[in-house]
Amino acid sequence: MAAREADAETAPEARGKVTITEIARRAGVSVPTVSRVVNGRSDVSPQTRARVEDLLQRHGYRKRPAAPGTRAALLDLVFNDLDSPWAVEIIRGVEEVAHAAGVGTVVSAIHGRTGDAREWMRNLRARASDGVILVTSALEPMLHEELRILGVPLVVVDPAGSPALDVPTIGAANWSGGMAATEHLLSLGHRRIALIAGPPRLLCSRARFDGYRAALEGAGLAVDDCLVVPGDFRPESGFAGGNALLDLPEPPTAVFAASDQMALGAIEALRQRGLRVPQDMSVVGFDDLPEVRWSAPPLTTVRQPLADMGKLAVRTVLRLARDEQPDSPRVELGTDLVVRASTAPVAVV
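Below is a summary of the structure that appears in this document. (Residues numbered from 1 in each chain as written. Predicted model: local features only at pLDDT ≥ 70, side-chain atom pairs only at ≥ 80, totals over all residues. Heavy atoms only, no water.)

### Looking at helix α12 (residues 306–321)
Note on helix geometry: an α-helix contains 3.6 residues per turn, so any two residues three or four positions apart are oriented the same way.
Part 1 of the reasoning: Under the 1.5 Å per step criterion, the end-to-end length of α12 is 23 Å for 16 residues, consistent within 8% with the ideal 22 Å.
Part 2 of the reasoning: For α12, a buried count of 12 out of 16 residues is recorded, marking the element as mostly surrounded by other parts of the structure.
Part 3 of the reasoning: Residues L306, A307, M309, G310, K311, A313, V314, T316, V317, L318, L320 and A321 constitute the buried set of α12.
Part 4 of the reasoning: Just downstream of α12 lies D323, where phi reads positive at about 65°. (Helix = DSSP H or I, 4+ residues; strand = E, 2+ residues; numbered from the N terminus. Expected span 1.5 Å × (residues − 1). Buried < 20%, exposed > 50% of the residue type's maximum accessible area, 1.4 Å probe, protein only.)

Okay, structure coming up:
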């Protein structure tokens, strides 16, 4: 029995029947590594190339003819949703580095639905992607395991929850950004500072809230639950949150919105009530999207390096595809407070 198993391991298989996945399993390498050998790319070590080529020859593997215009290298960039200028900034960074590396990018949105995620996985298997960059989404354990079996490297940008220990993550310094935004308002004399929070399922939302709380506590102030309203990063939730805060018996004098879009929604709520920013209320956002410098008034915000996060994600996933390890499995890029005209000292009554 053992002899027959050994013979099966070394005997040539029917022409064209062996798969790249099977070759990768027998060579002890990832599927993208075998794909790179098949496509004649240079980013494979000589020892690995020799082992894979030997298996390809012994098993009679024949590369399928490529369709006209087909690219040899692909990355999958997967969002939960694509209806935000925040996503556009990530895509801009990803495309810049991927294009320079000669790598194509497939952009998908899975909308948090299991069916969409499974359909995406079926498409991923068909196109033999070299790697996956997942943005603010939580991948089902079963799909994560399938990526592992396929040998497709994964990097997560702004993880929705706690990712697996073997998955590199790239984020921004959300805690210090939330703290800087709140400390700026405190320095202007504001004491009733509200927060329009992001979705609590996201780590970045919780970190921004924690930074807000730390700044208040550092000034000897407790978080007033009445001044914290929920949001989902979209302008509609900022508008609703702004109206809820204005309906309080004692409205805040300043608002920290955990995204620029929510800050713009809150400003619109103030405008519709005949109130002015920053004379009647100061507003700070988070992201520094390109359009907020042209808002009325230009928005004070916390800049997170969205395009740089996308760039680093591509560099990291390409290193993994070459069977190299990243310098650090957990990276947080710095944030900066950008002061514009939407904040001012608290009005003296």
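### Brief notes about the nonpolar core
The nonpolar side chains of soluble globular proteins are, as a tendency, buried together.
Part 1 of the reasoning: Judged by nonpolar contacts, the single largest core of 49 residues is most densely connected at I90 and I133.
Part 2 of the reasoning: Here this core takes 7 residues from α12, the largest share from any one element.
Part 3 of the reasoning: Apart from residues lying up to four places away in sequence, I133 is in contact with D76, L77, V78, V94, V155, V157, A313, V314 and V317.
Part 4 of the reasoning: Membership of the second largest hydrophobic core comes to 15 residues, among which are V78, I110, L147 and V156. (Core = buried A, V, L, I, M, F, W, Y, C linked by side-chain atoms within 4.5 Å. Contact = heavy atoms within 4.5 Å.)

### Re the pattern of salt bridges
Part 1 of the reasoning: The final tally for this structure, using the stated rule, is 21 salt bridges.
Part 2 of the reasoning: In this structure, the salt-bridge partner of R234 is D232, at a minimum N-O distance of 3.9 Å.
Part 3 of the reasoning: The exposure class assigned to R234 is partly exposed, which follows from its relative accessible area of 30%.
Part 4 of the reasoning: On the basis of relative accessibility, which here comes to 34%, the residue D232 falls in the partly exposed class.
Part 5 of the reasoning: A cluster of three or more residues bridged by salt bridges with shared partners is formed by R319, R322, E324 and D327. (Salt bridge = Lys/Arg side-chain N within 4 Å of Asp/Glu carboxyl O.)

### A short note on the sheet that holds strand β12 (residues 336–338)
The strands making up a sheet associate through backbone hydrogen bonding, with each pair oriented either parallel or antiparallel.
Part 1 of the reasoning: Here we have 6 strands laid out as an open sheet, ordered β7-β6-β8-β9-β10-β12, and mixed in their pairing. Only two strands of the sheet have a single neighbouring strand rather than two, namely β7 (228–229) and β12.
Part 2 of the reasoning: Pairing of strand β8 (residues 254–257) with strand β9 (residues 282–287), which is carried by 3 bridges, proceeds in the parallel orientation. If you follow F256 over to β9, its bridge partner there is V284. (Pairing = 2+ DSSP bridges.)

### As for the sheet that holds strand β1 (residues 74–79)
Part 1 of the reasoning: Read from one edge to the other, the open sheet built from 6 strands follows the order β2-β1-β3-β4-β5-β11, with strand pairing classed as parallel. Single-partner strands in this sheet number two, and they are β2 (104–109) and β11 (330–333). Averaged over all pairs of adjacent strands, the angle between strand axes in this sheet comes to 20°, irrespective of strand direction.
Part 2 of the reasoning: Alignment of strand β4 (residues 154–157) against strand β5 (residues 169–172), held across 2 bridges, turns out to be parallel. The residue bridging V157 from the neighbouring strand is I170, located in β5. (Axes fitted to C-alpha atoms, helices over the stretch in contact; angles between N-to-C directions.)

### Description of the packing of helix α8 (residues 174–187) against helix α9 (residues 203–218)
Part 1 of the reasoning: Where α8 meets α9, the closest approach of the two axes is 7 Å, and the angle between their N-to-C directions is 40°. Classified by the interaxial angle, the pair formed by α8 and α9 is oblique. Here the hand of the crossing between α8 and α9 comes out right-handed. In this structure, α8 uses N174, W175, G178, M179, T182, E183 and L186 to contact α9, whose residues at the interface are C204, A207, R208, D210, G211, Y212, A214, A215 and L216.
Part 2 of the reasoning: Residue classes in the contact of α8 with α9 are distributed as 9 nonpolar, 4 polar and 3 charged. (Parallel < 35°, antiparallel > 145°, perpendicular 65-115°, else oblique. Left-handed = near helix turned anticlockwise from the far one by under 90°. Nonpolar A, V, L, I, M, F, W, Y, C, P; charged D, E, K, R; others polar.)

### Structural notes on the side chain of T316
Part 1 of the reasoning: Looking at where T316 falls in the secondary structure, it is placed in helix α12.
Part 2 of the reasoning: Here the side chain of T316 touches L312 through a polar contact of 2.8 Å, landing on its backbone oxygen.
Part 3 of the reasoning: Apart from residues no more than four positions distant in its own chain, T316 is found in contact with V155, P168, I170 and P326. (Polar contact = N/O pair within 3.5 Å; in protein donor to acceptor, adjacent residues only side chain to side chain.)

### Structural notes on the packing of aromatic side chains
Part 1 of the reasoning: Counted under the stated rule, the structure contains 2 aromatic pairs.
Part 2 of the reasoning: Aromatic pair F209 and Y212: ring centres 6.1 Å apart, planes at 40°, arrangement tilted. Taken together, the residues span about one helical turn, with F209 and Y212 both in helix α9 at a distance of 3 residues.
Part 3 of the reasoning: Ring centres of F256 and F286 lie 6.5 Å apart, and the angle between their planes is 40°; this geometry places the pair in the tilted category. (Phe/Tyr/Trp six-rings, centres within 6.5 Å; stacked < 30°, edge-to-face > 60°.)

### Concerning the packing of helix α2 (residues 20–27) against helix α4 (residues 46–58)
Part 1 of the reasoning: Taken N-terminus to C-terminus, the directions of α2 and α4 make an angle of 130°; their axes are 10 Å apart at the nearest point. Relative to α4, the element α2 is oriented oblique. As α2 runs across α4, the sense of the crossing is right-handed. Residue-level inspection shows I23, R26 and A27 of α2 in contact with α4, the latter providing R51, V52, L55 and L56.
Part 2 of the reasoning: Here the residues of the contact of α2 with α4 are counted per class, giving 5 nonpolar, no polar and 2 charged.

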